[in-house]
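Close look at the chain arrangement
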Amino acid sequence: MTITITAFERSPDGGKGLARDTRVRWALEEAGLPYEVRLVSFRAMKEAAHLALHPFGQIPTYEEGELALFETGAIVLHIAERHQPRLFPADANARARAIAWMFAALNTVEPPILDLVTVKFAEGDRPWKAERQPLVEDRVRIRLNQLAARLGDGDWLDGGFSAGDLLMVSVLLRLRPSGLLNEFPSLAAYVARGEARPAYQRSFAAQLAINAAPLAVG
Ligand code: GTB
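The sections below set out a description of the structure shown in this document. None of these values were measured; they are calculated from a predicted model.

Moving on: unusual backbone geometry. Note that the residue after I59, namely P60, is joined by a cis bond; omega there is 0 degrees. Following the sequence through the fold, P60 ends up in the loop between α3 (48–51) and β3 (61–64).

Here you go:
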């Protein structure tokens, strides 16, 4: 059955892999599943056809036969469930822990990172930026300290690579421009291990190719 995802026609990051379609592409590549990509403009994302797929008018979405999904975490979970054992371990308890790491990435580690992105860029010209940025950076550091303590000298968060690592590495990648990740060498190495995976490399290259290509006119 053909799998189709949506991605930015032109990503604001110019193709550095930070938009969330890269997470879905990475999961599909890890699972060895072929997929097609429908590119959408910012305008098309808010039109009825796309809103029928995604109530909030965003990317990525996922279509597979009669199934249509939105929310990156739910999409990665679906891919992992349908295509074990590449993204989920076979053992039921280990699988439950991998799911916990997926939620931890999106619900516990990513929020302060998104706050930092907001204060640096979206609120970059606001008078509170100078005071707020160090506060948010410290909140990020607290999470990174805790995560580094748990990772220890392991390669991955809980045994072998799982969908939990896929999302955690993806979330941490958003920190790279801030330089904060380099304060935590074990986490920087963890992210580098994720990026070195052939499946990640393929997903990154695929989204970069779209962003490097000239936009079709008309
Ligand atoms: N919770 C949803 C999910 O996880 O799927 C969030 C989806 C989401 O934020 N989608 C963004 C979007 O469609 C793209 S990924 N935004 C358009 C809109 O809301 O109108 C977020 C993103 C965008 C750009 C960069 N970047 O350029 O660095 C990084 C991440």
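What follows picks up the thread again.
Hydrogen bonds between backbone groups are what pair the strands of a sheet, and the pairing can be parallel or antiparallel. Strand order in the open sheet formed by four strands is β2-β1-β3-β4, and the pairing between neighbours is mixed. A strand with exactly one partner marks an edge of an open sheet, and here the two such strands are β2 (36–40) and β4 (67–70). Pairwise comparison of adjacent strand axes, ignoring direction, gives a mean angle of 20 degrees for this sheet. In this sheet, β2 lies alongside strand β1 (residues 3–8) in parallel orientation, the contact comprising five bridges. In the strand pairing of β2, F8 is matched with V40.

This paragraph deals with the site of the ligand. Taken together, 15 residues sit near the ligand, with D13, K46, I59, E71 and T72 positioned nearest. Interatomic distance of 3.0 Å between a side-chain N/O atom of Q58 and an oxygen atom of the ligand. Protein burial of the ligand: of its 680 Å² of free accessible surface, 78% is covered by the chains.

Conventions used here
- Residues numbered from 1 in each chain as written.
- Predicted model: local features only at pLDDT ≥ 70, side-chain atom pairs only at ≥ 80, totals over all residues.
- Heavy atoms only, no water.
- Helix = DSSP H or I, 4+ residues; strand = E, 2+ residues; numbered from the N terminus.
- Pairing = 2+ DSSP bridges.
- Axes fitted to C-alpha atoms, helices over the stretch in contact; angles between N-to-C directions.
- Near = heavy atom within 4 Å.
- Polar contact = N/O pair within 3.5 Å; in protein donor to acceptor, adjacent residues only side chain to side chain.
- Areas by Shrake-Rupley, 256 points an atom, 1.4 Å probe, with all protein chains shown as cover.

Note that every value here comes from positions in space, so none of it alone points to a role or purpose.
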